[in-house]
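# Summary of the model geometry
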Amino acid sequence: MIPLNPEILNRAETFAAQLIRVSPGRFRQLLSRGNREEGSDPLSSAWSALRLASRRSLPDNQIKDLGREADAVDQTNRNSMSRHSNASASRETDLATSNAVQKVGVWWRDKGDDTAPFVRNAAPGEEELWARTEYITPKGAKRRVVLIGESVARGFMYDSEFNCAMALTELMRSAVGSNEVEIVDLAKSGMDYGELRRILSESEVLCPDAYVVFAGNNWQMSLRPDCEAVIEKLRHRDSWEDAANSRERTDNAVKSVVEQLREISERLCVPIIFVIPGFNSKDWMSYRGWRDPLLSGVRSKEWRRLRSLNDQAQGHVPRQAVIAEAIAALNGGVPFALETMALAANGPEGSALAERLIDEAGEMCTRLPFPTPARCSARCRSSLREACKRNAIIVVDMARECTAYMSGQLPDRRLFLDFCHLTADGIWLAMACTVKRLLETWQLPQPSPVVTNELVNKVAPRVHSQAHFKAAIVNADRDQPLEIVKYHCLEAIRHSPDMLELLTLFAESHSRKVPISMCRSSEVLLAHAEKFPVFSKLRESGGIGDKRPNFLLIEGISRAVAEFDGERATQIDNIVRAEHGISDAETDLLRSDYCDVIAARSDWAWWEHSSFLSTREPDSRFYLVCCESCEVKLRLVCRVPNDTIEAEALAVEINGREVQRVKVTKRWAQYQITIPGEFVIPGINKMTLQWPEPLVGEQGKWDGVVAAYQQVMAEDSAPTPSIFYPVYGELLKLCASRCITPNPMR
Amino acid sequence: VCYVPGHSGALLRPGAGTRSTSVVINSQKKGREMLVMGVSGLSHDAAACLLRDGVLVAAAEEERFSRKKHDPSMPKRAAQYCLRHAGVTMKDVDRIAYSEVPEKKMARRLWTLLPNLNEEACVRACSKARRAREEIRTVLGYEGEIECVDHHLAHAASAFCYSGFDEAAIMTIDGVGEWVTTSYSSGCDGSVSTIEEVHLPHSIGLFYSAITSYLGFEVNDGEYKVMGLAPYGAPKLKQKMEAVLHSGRGGQFVLDTRFIDLENEERCFTEELIDLLGFRPRMRGEEICDCHKHLARSAQEVVEDLLIEKSQYLFNSVNSSNLCLAGGVAMNCVANGKILRNGRFRRMYVPAAAGDQGACLGAAAVVHHRLTGGGGPKQSQLADSALGPEYSSDEIGQFIAATSVRAEDFRGKEDQLIETVAQMLANGEVIGWFHGRMEFGPRALGNRSILADPRDARMQERINEAVKKRERFRPFAPAVLEGALTKYFEMDGPSPFMTVTCAVKTGANLPSVTHVDGSARLQTVDEKVKPRFARLLKAFEAKTGYPVLLNTSFNMNNEPIVNSPADALRCFTRAGLDALILEDWIIKRDGLSAAWRTLCAAGPEISTPVVSDSVYASL
C-alpha cells in the first residue's frame, strides 16, 4: 500500500489539474500508461500521482471522468485546429510555438504561473531521447539537484530501468534521507554542445540547489570545423593536424561552456559539479581503416602492408605493438595502432604510457574529418579540468576515478558497456563520486558513499542482462572483437538464465531471410517484452526491406550459448547454414546479408543509391557461409578507377589466406576464381578483396580532401568518411557457388 | 469493331516449365546476343526493361522494389532485377536506351522559366540535364553508349512495337515530353514516322493535371480519381473548360496558359482558373461537393471530345484501321473506350503501361531497331504484362516455414486449390491472389490482384473502405473469361490490359464492378495467356454462373502493388482480406497469430480519405 503523504497528494492534485489544462493529450497517455505501470515506484510515475490524488479526493469514477474530460478537451482542440489550414497541427505543436509557455528542454508550462508543474511534451522523434521525467513540480522544501547530460547520463543501455538519476537519488537518500533531496533528470541522449548550453539557461527557472553536468562526449561531433578555414589551410599545404584545428576548437568550446556554468553558479549561488566522462581504454578498438586522408600513395601502401602484418600477429600483443609503432611512425593519424601499443604497454600494475597512448589515439579520432564514436578527448578533459578550476566549478574526473577504481589498470568492460557508456558499476561509481562532492560542498557531515556489491545488486539481474544484450549488439555493430561480443552475451546469460533461450531465438530471428517482423522467433521474443522491454522494439520492425544480419553478432551469440548448451549453439549454426549456406546455384554476395560494410561506415547502405559497390576502403569484406569444406567458385565483375596500375592486382583472401590475385582494369571485367576446399571452413568464412592502391598523386589527394570539405559545406550535412578517401575499386557482381561435391576423403 | 488484333498465333508462349513472358521485337541474330536495356527515370514512375535479341525478357517499375509509390529515381533495383532475370550483368548490356533526350528537356525547362530566367536557374537546368547520363554511369554502372530517344517516340514505340500490328496509326498524349505533348505517327515494319506534333504549352495532360490538382488530388496519381469521379457530376462547366482547352487546326489544339501554371508541378493552375470557375480549389482531404463532381465531368468530356476529334484526324492522315495509343492520357480508359466506339478505327492497342513507366519499352525497341538496321521478322503482340519477378511455391513454402503463419499446402493439387478459392469467393470472401510474375504497369491483371465476388453490391464499399482504405467512390474492374465477354459487356474484342471501358449489359447483375454510369473497365482473360486465372474464373462460374470476378490491384491506398511474398503477407495482414493465396499456399485470416498481427501491422496508419457521403447517393 502506498503511503498517503499529504505533500505528494497535494502535488498530485495540482499536477492533475495542470496537466489537463496544459496537455490533455499527455494526460490521456499517462492514464493509459498508468494502467500498464501499476505498482511501480509511486514517485516516478505520473500515474501513481494521479492515483494518489484520486484516493484522497476523487473516487475511481471521477478519475475516469478526468480522463473523459481530457479526451473532450483534446478533441475540442483538435476540431478547432482542423478547422484551420493545418489540420494536422497538434496541441503540442501549438504550445511549442506559443509565447505563452515556458520551457525547459521538453518540459513546458504556462508562462506566469509559477505554481504549475512543467509537463513533459517531447516531439515524437525525441520521445525516447529525453529523460523520462514526466513532470517537474515547483520547487518545494527539498534541496533540488538538476542533472543535465548526454547518453552517458541517461544510462544508455540500462535506461529507463536504471540510470544516473536513479543512482544519484538512491545515494543521496542513503546519505541524507529521502525527504532532503530531489533529483530532476534533464538528461538527453545525443545532447550536443548547443543543446547543453540551451538547457543550462532554461533550467535556471527550476531553482536548483546544485547542478550535475555529465557531458563532453558529444562535443567533438557537434563542434564541426570551420570548413572554409580548413580549406584555406589545406590550400596552403598545412599539415592535416593543423588544418583540422581540433585543439583550438575544443579549448574555445570548453571555455564558453564553463564560463556559462560559472555565471549560473554565481547568479544562483549554487554549486555546479561537472562530471568529465571517462573512456573504455582497454577494451575499445578504433576502426582499423581510419587514417589521415592526406596519406600519400607510397605511405598508404606501406600502411596497408603493416596493417596486414598486424592482423597476422593477432594474439601476439608484443609483436603487434612493434608493428603498431612502425605504423604510428609512418603516419600519426592511425588510432588503432596507438591503441595496440597501449595494450602492450599496459602491465599488471597499469601504465602511464598506456594511458598516454590511448589519449593520443583519442585525439587522433577527434582530428578525423568525420564523426567517430563519441568520446571526451584527452585535450577536452584537460581543458575542462583547467577551465573548471579557474571558474570554481567542482569536477568529478571519471578518467581518474575509473583508473583508481581499477587499481591503476586501464578502464575496461567492467566499467564500460561500449566505448563510453557505463555499466551499472560505472554509473554507481560516477554518482558516488558526485555525491561525495555534493556532501562536501554542502558541508554535510555524512560519510561519502562507496560502490559496494550491495549497491550494485540493487539493480535487478534482468536489467543487467538486458543491458549486456544491448551491449553485444552495439559492440558487434561497431565491429569490436568477437571476444567482446561474446563476453556481453555471456554476461547477459549469467545475469538471467532466461536469456539463453532468448539469445538463441534472437539469433534465429536475425539469421532467417524472412523479415524480422514475420519471423516466428520474433513472436516468442515479443512475448518476453514485459520482462525484457528491449524486445518490444520488434514492434517497430514492421518494415520488410533488406535485412542486414550481423554475422559477428550471430557468431558471438552462438559461442556464448555454446558454453551453456551445445545443442542450442548447433541449432543456431544450422539455421545460419540452412539460410545462407552457398549451394550449386549462385549466391549473390553483394546482397546486404553478406556484404560486410558495417565497420566500413563509408560504404554504409551503398545499395540504396547505387547498383554497384564503390569502395573507399582498401579492402572489401564479405561473409561466405559454407555447409562444409568444399571448393567454392567465385564470379566477380569489377573495375578500378584507373588502369594505369599495370603491376597491381586485386588479392582475394579467405579467412586471412590469399587465394588468388587478378589483374583488374578500368572497365568492367569478369573473373572466375576457385577457392580450394582446404581454405574453406564449415560455417561462417570471412572473405576479403584487397584492392590495389589507386594512383592518386599528391595534388589529387589534396584536391580530393578540399572537394570533400566543399561538399560538406554545400550540403550542410554531417560529413561521411567516404567523401574523404579515393575510390579503391568497384564491384558490380560477386557470386559464390559450390564448385563440386566435397571429397569424402578430405 | 474489334479491340485488339486477333492474330494471337504470333504470340510467343512461355517455354516448358517456365512462366516467362517474351515478345519478339526483331529476332535478327548477330554473332552474339544483343542486350538493350530500356530506362525511364528521374521522373515519376521510373522503370527498366531488358530486350535480349529483341525479345522483351523482363520489365519492372522501381516503386515495386523501393516501395515508394511513383518512385522517380534512377531505376537501379528494377534494372538489377531485369539483369538478374536474364542471368547477365550491366557489363553485358550493349546499349542503354533512355526514354527522353535530357538536353531537349533542358531547353524546354529554360524556355518555361524564361520570364524569370537567371543564372541559378540555368545552372540547375543544366545540372538536371546532365543528371540522367551521369546516373546511368554512377548509379546503374553502365559503361557503354547511351542512346536517348525522344520521349514521344518512345511512347509511340511502346505501343506500336508491342502491338502485333504490321502497320498502324499512333497517337501519343501526355503532359509533356521534351517539347512535345501530343504526337501523330504512322508505324510500319517496326519503325515509327512522325506526322505531326503538338508542342508545349498546349497539352491535354497538363490540362488534366491542372484539374486533378484543382480537385485536391495529387498530380501524376490522382488522375484516375478525376476519371472515376466524373460520372457523378454533370457537364455544367464544360463551356468554361472549353475556354481553357479547345481544338485547333489539324492535330493541333490550344491550351490557354492564362489558366495553367507551367512551373508549378503540384498546383498546376493559376488564379485566373479560380476566377473562371467561381469556386475555390478543393483542399486535400476536404469534402467533395457537387461543383467538384461537375468539374471532373466537364473536364473529362472536353478531353474525350478532343481525343475523338484528333483520332479522326489521325485516321484521315494515316491509311490504317489500326490505332495505337500511349502516353499518360492513354491511361484514360473512359476516353479510350469512346475513341474506339465513336471513331473509325477498327482495332486499337493500348499497352498495359501506357504511362511514363512504359516509355522504357519503346525506347529499347527503337534502339534495338536502330542497332539491327530494322527489318527481320514481324513483331509479335505483347499478350501479357507479367514481366516482373516470380517466386516458386517451394520458395514460398520455405518462407512460410520460418513464420508462425498457418498455411494450407496445395502443391501438386491445383484443381483443389482452384476449387477451394472459387468457393471462398462465392462465399463472399475477399482474396489476395499472388501468382506468377508481377505485372508491369499500373494494373493488376491476375498476378498480384485482390479478387472478390462482383455480384455483391456491398463489395465495392467493403473493399474501398476496409481493404484498400481509399475513397468509396472509386470503382472496381471486372475480369471476365474472354469467351464470355459478350454475355455481360457491350464489347466484342479482347481487352487484356484493362485500358478501355465499355457498358455493362442490362441485367448483367454485376453491381460491384459497374460504375455509376453503367460502365466497367474490364479485363478479358485468355486461358492460353493466364491459365490459372482462367481456371479460377471457370470454377467461379461453375459455382455462381458468372465467369467474372472483381479484380483490383493488390495494395493499399498510396502503396505500390505488392511484389514479393513478404509484401503480400504484410498487405494481407494490414488490409481486411479474408485469405491470401500465395502460389500454391492458402493462408486464412485465422492463420495469423495475434503476435504476428502486432508485428506486421507496424508502420504508418493508412486511413481512408474523407469524402462527402453525397457522392455515394447515386451508387
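Higher on the page you've got the structure.
On a predicted model such as this, the values are computed, not experimentally measured, just so you know.

## As for the interface of chain A and chain B
At the interface, 30 residues of chain A touch 28 residues of chain B. Taking both sides of the interface into account, the surface hidden between chain A and chain B amounts to around 2600 Å²; carbon and sulfur atoms contribute 58%. The largest share of the area that chain A buries against chain B comes from M518, E523 and S611 of chain A, three residues that together contribute 24% of it. For the pair chain A and chain B, the interface holds 2 salt bridges. Across the pair R639 of chain A and E143 of chain B runs a salt bridge, and its minimum N-O distance is 2.8 Å. Taken together, chain A and chain B are joined by 11 residue pairs in polar contact (both at pLDDT 80 or more). Only α24 (520–527), β14 (632–639), β17 (669–675) and β19 (729–738) of chain A provide two or more residues apiece to the side of chain A that touches chain B. Taken together, the residues that form the side of chain A that touches chain B break down as 13 nonpolar, 7 polar and 10 charged.

## A few points about the packing of helix α23 (residues 498–511) of chain A against helix α25 (residues 551–562) of chain A
When two helices pack together, their arrangement is captured by the angle between the axes and the distance separating the axes. All names here are of chain A. Across the interface, α23 lies against α25 with an axial gap of 10 Å and an inter-helix angle of 150°. Considered as vectors, α23 and α25 are oriented roughly antiparallel to each other. As α23 runs across α25, the sense of the crossing is left-handed. Contact with α23, carried on its side by L500, L503, T504, F506, A507, H510 and S511, involves L553, I554, I557 and V561 of α25 and no other residues of that element. In the contact of α23 with α25, the residues fall into 8 nonpolar, 3 polar and no charged.

## Quick look at the pairing of β19 of chain A
Residue and element names in this part refer to chain A. Most of β19 sits out of view: 9 of its 10 residues are buried. Sheet topology places strand β10 (residues 587–588) next to β19; 2 bridges connect them, and they run antiparallel. By the bridge assignment, T587 is partnered in β19 with A736. As judged from the 3 bridges shared by strand β12 (residues 613–615) and β19, these two strands associate in the antiparallel manner. Bridge pairing in β19 links S614 to E730. Pairing analysis gives 8 bridges linking β14 to β19, with the strands arranged antiparallel. If you follow R639 over to β19, its bridge partner there is E730.

## Quick word on helix α16 (residues 352–367) of chain A
Along its 16 residues, α16 of chain A runs 23 Å from first to last C-alpha, staying within 8% of the 22 Å computed at 1.5 Å per residue. Along α16 of chain A, the residues classified as buried are A354, L357, I358, A361, G362, E363, M364, C365, T366 and R367 of chain A.

## Section: the packing of aromatic side chains
Residues and elements named next belong to chain A. Inspection of the entire model under this criterion finds 22 aromatic pairs over all chains. By way of ring pairs, the aromatic residues F469, F506, F532 and F535 are connected into one cluster. Sitting over the ring of F279, R375 keeps its end group 3.9 Å from the ring centre. The ring of F612 has R639 sitting right over it, with the charged end atom 5.2 Å from the ring centre.

## Quick word on the sheet that holds strand β8 (residues 272–276) of chain A
Residues and elements named next belong to chain A. Spatially, the 5 strands line up as an open sheet ordered β6-β5-β7-β8-β9, and their pairing is parallel. A strand with exactly one partner marks an edge of an open sheet, and here the two such strands are β6 (181–185) and β9 (394–397). The average angle at which neighbouring strand axes cross in this sheet is 20°, direction not considered. The sheet contact formed by strand β5 (residues 143–149) and strand β7 (residues 210–214) spans 5 bridges and is parallel. The partner of I148 across the bridge, within β7, is V213. Helix-sheet contacts for helix α17 (residues 378–390) involve β8 and β9, and the interaxial angle to β8 is about 165°. Sheet contacts for helix α19 (residues 424–441): β5, β7, β8 and β9; angle to β9, the most-contacted strand, approximately 155°.

## Some thoughts on empty space enclosed by the protein
All names here are of chain B. In this structure the tally under the stated criterion is 7 cavities of 30 Å³ or more. In this structure, the second largest cavity encloses a volume near 70 Å³. Lining the second largest cavity we find S158, P351, A352, A353, G358, L361, L382, S385, L387 and F440.

## Notes on unusual backbone geometry
Residue S160 of chain A follows D159 of chain A across a cis peptide bond; omega there is 10°. Topologically, S160 of chain A is positioned in the loop between α6 (151–154) and α7 (164–176). Here the phi dihedral of D45 of chain B falls at roughly 60°; this positive angle occurs in a residue that is not glycine. Residue placement: D45 of chain B occurs in the loop between β2 (35–40) and β3 (47–52). The class for D45 of chain B is buried, based on a relative accessible area of 11%.

## Details of the nonpolar core
One finds M241, F489 and L536 of chain B to be the most contacted residues of the largest nonpolar core, which totals 135 residues. Ranked by residue count, the leading element in this core is helix α10 (residues 290–317) of chain B, at 10 residues. Residues L503, A507, F532 and L553 of chain A belong to the second largest nonpolar core, which totals 72 residues.

What counts and what doesn't
Residues numbered from 1 in each chain as written. Chains lettered and ligands numbered in written order. Predicted model: local features only at pLDDT ≥ 70, side-chain atom pairs only at ≥ 80, totals over all residues. Heavy atoms only, no water. Contact = heavy atoms within 4.5 Å. Buried area = accessible area lost by both parts, 1.4 Å probe. Salt bridge = Lys/Arg side-chain N within 4 Å of Asp/Glu carboxyl O. Polar contact = N/O pair within 3.5 Å; in protein donor to acceptor, adjacent residues only side chain to side chain. Helix = DSSP H or I, 4+ residues; strand = E, 2+ residues; numbered from the N terminus. Nonpolar A, V, L, I, M, F, W, Y, C, P; charged D, E, K, R; others polar. Axes fitted to C-alpha atoms, helices over the stretch in contact; angles between N-to-C directions. Parallel < 35°, antiparallel > 145°, perpendicular 65-115°, else oblique. Left-handed = near helix turned anticlockwise from the far one by under 90°. Buried < 20%, exposed > 50% of the residue type's maximum accessible area, 1.4 Å probe, protein only. Pairing = 2+ DSSP bridges. Expected span 1.5 Å × (residues − 1). Phe/Tyr/Trp six-rings, centres within 6.5 Å; stacked < 30°, edge-to-face > 60°. Lys NZ or Arg CZ within 6 Å of the ring centre and 35° of its normal. 1 Å grid on protein atoms, 1.4 Å probe; cavity = no way out; pocket = protein on both sides within 12 Å on 5 of 7 lines; lining within 4 Å. Points joined across faces, edges and corners; volume = space filled by probe spheres on them. Core = buried A, V, L, I, M, F, W, Y, C linked by side-chain atoms within 4.5 Å.

Keep in mind these numbers describe shape, not what the thing actually does.
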